[in-house]
Amino acid sequence: MKTIQIYSKFIKLDQLLKFAGIAESGSVAKAMILDEMVTVNGEVVTARGKKIVPGDQIQVEGLGEALEVKADDAP
């Protein structure tokens, strides 16, 4: 499982896909989400603005490994 570290309380799903380098652009991320290629914690999500918080696990069809979101531990 690949870990993605975020530096805020949450990140929107489409932004996470871009931040993690899975989607080349916002339009690619949107298409992946609308095509039901993305699951969050085992459930298909079609809302690109879905808030992803630390501890969430994201699976993308064809990616092979899941992503887990972690919070920045810096004070």
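Refer to the preceding data block for the structure.
Residue indices begin from 1 for each chain and proceed along its sequence in written order. pLDDT decides what is reported in this predicted model: residues at 70 or higher carry local features, side-chain atom pairs at 80 or more are listed and counted, and totals for whole chains, interfaces and linings draw on all residues regardless. For side-chain calculations, the full set of non-hydrogen atoms in the structure is used, while hydrogens and water are omitted.

Draft legend 1. Region of interest: the overall build of the chain. In this text, helices come from DSSP runs of H or I with a minimum length of four residues, and strands from runs of E with a minimum of two, each type numbered from the N-terminal end. On a plain count of helices and strands, the chain comes out with two helices and seven strands. Summarising its shape, the C-alpha atoms of the chain cover approximately 40 × 20 × 20 Å along the three principal directions. The burial tally for the chain puts 32% of its 75 residues in the buried class. By the convention used here, residues are in contact when the closest approach between their heavy atoms is within 4.5 Å. For the chain, the proportion of contacts with a sequence separation of at least 24, taken over those separated by at least 6, is 48%. To measure how exposed things are, a 1.4 Å probe is used in the Shrake-Rupley method; for residues, cover is taken only from the protein chains shown. Accessible area of the chain: about 4,600 Å², with a carbon and sulfur share of 48%. Once the 9 positive and 11 negative side-chain charges of the chain are each reduced to a mean point, those two points are 9 Å apart. Buried, partly exposed and exposed residues are distinguished by accessible area as a fraction of the type maximum, computed with a 1.4 Å probe on protein chains only: under 20%, between the cut-offs, and over 50%, respectively. Positive charges come from Lys and Arg alone, negative charges from Asp and Glu alone, with His and the N- and C-terminal ends not counted. Taken as the charge location is NZ of Lys, CZ of Arg, CG of Asp or CD of Glu.

Draft legend 2. Looking closely at unusual backbone geometry. Despite not being glycine, Glu36 shows a phi value in the positive range, around 60°. Along the chain, the position of Glu36 falls in the loop between α2 (26-34) and β3 (38-40).

Draft legend 3. Region of interest: the environment of Tyr7. Here Tyr7 shows up in the loop between β1 (2-6) and β2 (11-12). Under the relative-accessibility criterion, Tyr7 is labelled exposed at 61%. Between the alpha carbons of Tyr7 and Ala71 there is a distance of 6.2 Å; along the sequence they are 64 residues apart.

Draft legend 4. Fine view of the nonpolar core. Leu13, Leu16, Leu17, Val38, Ile52 and Ile58 are the most contacted members of the largest nonpolar core, which has 19 residues in total. Those elements that place two or more of their residues in this core are β1, α1 (13-19), α2, β3, β6 (57-60) and β7 (67-71). Ignoring any residue separated from it by four or fewer positions in sequence, one finds Leu13 in contact with Ile33, Val38, Val40, Val45, Ala47, Arg48, Lys50, Ile52 and Ile58. By nonpolar core we mean a set of buried residues, namely Ala, Val, Leu, Ile, Met, Phe, Trp, Tyr and Cys, connected to one another through side-chain atoms within 4.5 Å.

Draft legend 5. Layout of the packing of aromatic side chains. Between the rings of Phe, Tyr and Trp (Trp by its six-membered ring), a pair exists once the centres lie within 6.5 Å; its type follows the angle of the planes, with under 30 degrees stacked, over 60 edge-to-face, and the other angles tilted. Summed over all chains, the structure comprises zero aromatic pairs. Two thresholds decide whether a charge sits over a ring: the Lys NZ or Arg CZ must be within 6 Å of the ring centre and within 35 degrees of the ring normal. It is Lys51 that lies over the ring of Phe10; its NZ or CZ is 4.6 Å from the centre.

Draft legend 6. A look at the pairing of β7. Here the rule is simple: two strands pair whenever DSSP picks up at least two bridges between them. One ladder, built from five bridges, connects β1 with β7; its direction is parallel. Paired with Thr3 across the two strands is Glu68, which belongs to β7. Across two bridges, the pairing between β6 and β7 is antiparallel. Along β7, the bridge assignment pairs Ile58 with Leu67. Taking the residues between adjacent antiparallel strands as the criterion, β6 and β7 are bridged by six residues, where Gly62 takes a positive phi near 90°.

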